[in-house]
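Secondary and tertiary structure notes
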Amino acid sequence: MPYNVTLIPGDGIGPEVTEATKRVLEATGITFHWDLAYAGADVLDKYGTPLPDYVLESIRKNKVALKGPITTPVGTGFRSVNVALRQGLDLYACVRPCKTYPGVPSLYRNVDIVIIRENTEDLYAGIEFEKGTPEAARLIKLISETKGNVVRDDSSFSLKMISETGSRRIVKFAFEYAHAYRRKKVTAIHKANIMKFSDGLFLAIAREVAKEYPALEFEDRLVDNMTMQLVRRPQQFDIVVAPNLYGDIVSDLCAGLVGGLGVAPGANIGDDMAVFEPTHGSAPKYTGQNKVNPMSAMLSGVMMLRHLGEVEAADRLEKAIAEVIAEGKNVTYDLTLADSQAVGTSQVADAVIEKLEET
Ligand code: NAD
């Protein structure tokens, strides 16, 4: 029986990297029925929204989706489709493994960190008040009356909300993940010395949940110290659990440690649904050029296979990708020292398929 999977090509470089991923996934011998669904600026005119209901319905029905990146207009225009999708389907855990594959150009060796980022609350909940609006004025008045603080009249607000419920489920997810994948340590990151109520709550819950998993080591780090430690000695970290904003920033930092966004996969996981997508965005300047690295999307496909229980196929595909990286003959510009040595997106897929056929 083929697996029913929603396929969202996305925009920019999305269609190219998802096509390459679809090809390598099919080459593992596992069969899929792809339920194509479109979202983003291209569908805005037709549906009046960048995230039509049928896309969410398709994921709810299939429970699993593979997604390419989708462009978010900066400052104005519609809110992020990616954030709306995660919130709409309550995909509360963003899982981003960052691992150095031999042959990847990087200053580091033997890094193997998994960032588990809370996906639904914090500053990304989308509760904002624009400067000069009556709502912003009411908030300024409320703050002055209740806290005595003076907030400038020309302020805009983005509210940071961290709940006990949200913190508990993400930290539990991180410990369960650590247990399932035989990892040793969970590090929680926060800024609880400054944000005593929001980050303080996250930290208190993390400490409480950690007590339920005595076999796993637990530690916490202030996020600023964490970024410094990650750059100095990333090998000391294993599973990292973080509220939304810190998780977003630190996962890009970790992608940089292991060779860049071209090799950084990701998944957004809820209680009964999961959307697999690369960490990178739509890199619009490279659209349609057969240039960018599809491995981040392919490795997201590896995560999808594991999620589906197809562990043997996942291991074979990861090994094939690792071999192509190690050989260095069929890799894109981001993994070569000179552009002239680089191949295109589709050639990388051909090379991975060739490796799969050899095993
Ligand atoms: P980006 O990740 O799209 O690109 C930044 C740079 O990283 C690129 O210019 C390129 O040099 C490099 N890069 C990215 N992907 C690569 C790949 N596969 N291979 C090789 N190099 C790669 O980040 P951005 O420019 O900040 O964002 C572009 C758009 O993507 C924005 O609209 C942003 O909102 C959106 N975005 C979407 C998602 C998502 O859909 N989940 C995630 C991040 C950003």
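A few points on the structure.

Moving on, we get to unusual backbone geometry. Here asparagine 110, not a glycine, exhibits a phi torsion of approximately 55°, which is positive. Topologically, asparagine 110 is positioned in the loop between strand 4 (93–99) and strand 5 (112–118). Given the relative accessible area of 67%, asparagine 110 is considered exposed. The backbone of aspartate 122 sits at a positive phi, close to 65°, despite the residue not being glycine.

Our next topic: the pairing of strand 9 (residues 217–222). With six bridges joining them, strand 8 (residues 185–190) and strand 9 adopt parallel strand pairing. Bridging from a neighbouring strand, valine 186 pairs with phenylalanine 218 of strand 9. After leaving strand 8, the chain enters helix 7 (residues 198–210) and then returns to the sheet as strand 9, a path that is right-handed.

Moving on to a nonpolar patch on the surface. Residues Leu36, Tyr38, Tyr47 and Tyr54 make up a contiguous nonpolar surface patch of roughly 370 Å² in combined accessible area. Of note, tyrosine 38 is situated in the loop between strand 2 (32–36) and helix 2 (44–47). The class for tyrosine 38 is partly exposed, based on a relative accessible area of 40%.

In this structure the tally under the stated criterion is nine aromatic pairs. For the ring pair phenylalanine 173 and tyrosine 177, a centre distance of 6.5 Å and an interplane angle of 25° mean the geometry is stacked. Residue phenylalanine 173 and its partner tyrosine 177 are located together in helix 6 (residues 164–180), separated by four residues, close to a single helical turn. Residue phenylalanine 173 is classed as buried on the basis of its relative accessible area of 17%. On the basis of relative accessibility, which here comes to 15%, the residue tyrosine 177 falls in the buried class. Consider the rings of tyrosine 286 and tyrosine 333, whose centres lie 5.6 Å apart with planes at 55°: the pair is tilted. With tyrosine 286 in the loop between strand 12 (274–276) and helix 10 (295–307) and tyrosine 333 in the loop between helix 11 (311–327) and helix 12 (345–358), this pair connects stretches of sequence that are 47 residues apart. Aromatic ring contacts, followed pair by pair, group Tyr92, Phe173, Tyr177 and Tyr181 into a single cluster.

Let us look at helix 12. Taking 1.5 Å as the rise per residue, helix 12 with 14 residues should run 20 Å; its terminal C-alpha atoms sit 21 Å apart, in good agreement. Buried within helix 12 are the following residues: Thr345, Val348, Ala349, Ala351, Val352, Ile353, Lys355 and Leu356. In this structure, the buried side of helix 12 is in contact with helix 1 (14–27), helix 10 and helix 11.

Another point: the packing of helix 6 against helix 7. At a minimum axis distance of 9 Å, the contact between helix 6 and helix 7 shows a crossing angle of 45°. For the element pair helix 6 / helix 7, the angle class is oblique. Our pair here, helix 6 against helix 7, has a crossing hand that is right-handed. Residues Glu164, Ser167, Arg168, Ile170, Val171, Lys172 and Phe175 of helix 6 pack against Leu201, Phe202, Ile205, Ala206, Glu208, Val209 and Ala210 of helix 7. When grouped by side-chain class, the residues that make up the contact of helix 6 with helix 7 number nine nonpolar, one polar and four charged.

Conventions we followed
Residues numbered from 1 in each chain as written. Predicted model: local features only at pLDDT ≥ 70, side-chain atom pairs only at ≥ 80, totals over all residues. Heavy atoms only, no water. Helix = DSSP H or I, 4+ residues; strand = E, 2+ residues; numbered from the N terminus. Buried < 20%, exposed > 50% of the residue type's maximum accessible area, 1.4 Å probe, protein only. Pairing = 2+ DSSP bridges. Right-handed = clockwise from strand over helix to strand, strands pointing away. Patch = residues over 30% accessible without salt bridge, like charges linked within 9 Å, V, L, I, M, F, W, Y side chains within 5 Å. Areas by Shrake-Rupley, 256 points an atom, 1.4 Å probe, with all protein chains shown as cover. Salt bridge = Lys/Arg side-chain N within 4 Å of Asp/Glu carboxyl O. Phe/Tyr/Trp six-rings, centres within 6.5 Å; stacked < 30°, edge-to-face > 60°. Expected span 1.5 Å × (residues − 1). Contact = heavy atoms within 4.5 Å. Axes fitted to C-alpha atoms, helices over the stretch in contact; angles between N-to-C directions. Parallel < 35°, antiparallel > 145°, perpendicular 65-115°, else oblique. Left-handed = near helix turned anticlockwise from the far one by under 90°. Nonpolar A, V, L, I, M, F, W, Y, C, P; charged D, E, K, R; others polar.

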